[in-house]
Amino acid sequence: MKNLIFSCLIVACISCSQSSTSPTKVAQIVVESFYQKNNGKLQKHTTKESYDAFLSIQDLMTAAESGAANFTLIQELVEGDVAWVKFTTSYEEKPETFKLVKIDRQWKVTEKGLREKAPF
């Protein structure tokens, strides 16, 4: 009986430790990995289409940038398996917005649809 309870506790702990990172944290990871050219981490936190889009502009956007991102959340909206994160960084003058989707319990930055607008 003790072994069964112990096994259930281990499974519960493992399940909790594999919970998804918040959309805001994923957005911050994507920004930082993009500018640091950590493409393995960037790929892990983006959909294939977004990853390809980021790679296509990475050298142009990161050439003059260095230092801390100073990521600051402005607003986050989560509706089911879709989230929107509006934020500022030291790399851009204007706020940026990422759309995220939940895939296999993990948030990933994705492309906005044609003519799709953020809710804020």
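The rules behind these values
Residues numbered from 1 in each chain as written. Predicted model: local features only at pLDDT ≥ 70, side-chain atom pairs only at ≥ 80, totals over all residues. Heavy atoms only, no water. Phe/Tyr/Trp six-rings, centres within 6.5 Å; stacked < 30°, edge-to-face > 60°. Helix = DSSP H or I, 4+ residues; strand = E, 2+ residues; numbered from the N terminus. Buried < 20%, exposed > 50% of the residue type's maximum accessible area, 1.4 Å probe, protein only. Pairing = 2+ DSSP bridges. 1 Å grid on protein atoms, 1.4 Å probe; cavity = no way out; pocket = protein on both sides within 12 Å on 5 of 7 lines; lining within 4 Å. Points joined across faces, edges and corners; volume = space filled by probe spheres on them. Nonpolar A, V, L, I, M, F, W, Y, C, P; charged D, E, K, R; others polar. pLDDT = per-residue confidence, 0-100. Contact = heavy atoms within 4.5 Å. Expected span 1.5 Å × (residues − 1).

*Asks:* Tell me about the packing of aromatic side chains, and name the residues and values.
*Replies:* Evaluation of the coordinates by the stated rule reveals six aromatic pairs. Their ring planes at 55 degrees and their centres at 5.4 Å tell us that F34 and F54 sit as a pair that is tilted. Pair noted here: F34 is in helix α2 (residues 23-35) and F54 is in helix α4 (residues 48-62), with a separation of 20 residues, a long-range link. Accessibility expressed as a relative area gives 5% for F34, which makes it buried. Between F71 and F87, the aromatic rings sit 4.8 Å apart at their centres with planes inclined by 20 degrees, giving stacked as the arrangement. Of this pair, F71 sits in the loop between α4 and β1 (72-79) while F87 sits in strand β2 (residues 82-88), and the two are 16 residues apart along the sequence. Residue F71 is classed as buried on the basis of its relative accessible area of 15%. Since its relative accessible area comes to 0%, F87 is described here as buried.

*Asks:* Before we move on, could you go through the pairing of strand β4 (residues 106-110) and cite the residues and values that matter?
*Replies:* Summarising burial for β4: four of the five residues are buried, a large majority. Of the pairings in the sheet, the one linking strand β3 (residues 96-103) to β4 comprises five bridges and is antiparallel in character. Considered in β4, the bridge of K102 is made with W107. In this structure, the hairpin formed by β3 and β4 is closed by a connection of two residues, where D104 is found at a positive phi of approximately 50 degrees.

*Asks:* Would you mind going over the layout of surface pockets in detail, with residue names and values included?
*Replies:* Size it by volume and the largest pocket reaches roughly 260 Å³. Residue lining of the largest pocket: 18 residues in total, with F54, I57, E96, T97 and F98 positioned closest to the centre. Taken together, the residues of the lining of the largest pocket sort by class into nine nonpolar, four polar and five charged.

*Asks:* Could you give an account of the confidence of the model for the protein chain, with specific residues and numbers?
*Replies:* Per-residue confidence for the protein chain gives a mean pLDDT of 87, with 84% of residues at or over 70. In this model, residues 1-18 is a region of pLDDT below 50 whose contacts with residues beyond four sequence positions or in other chains number three contacts.

*Asks:* Can you explain α4? Please cite residues and give values.
*Replies:* Taking 1.5 Å of rise per residue, the 15 residues of α4 would be expected to cover 21 Å, and the 20 Å separating its terminal C-alpha atoms lies within 8% of that figure. Turning to α4, its buried residues number three or more, namely S50, Y51, F54, Q58 and T62. Residues of α4 that are buried make contact with α2, α3 (39-44), β3 and β4.

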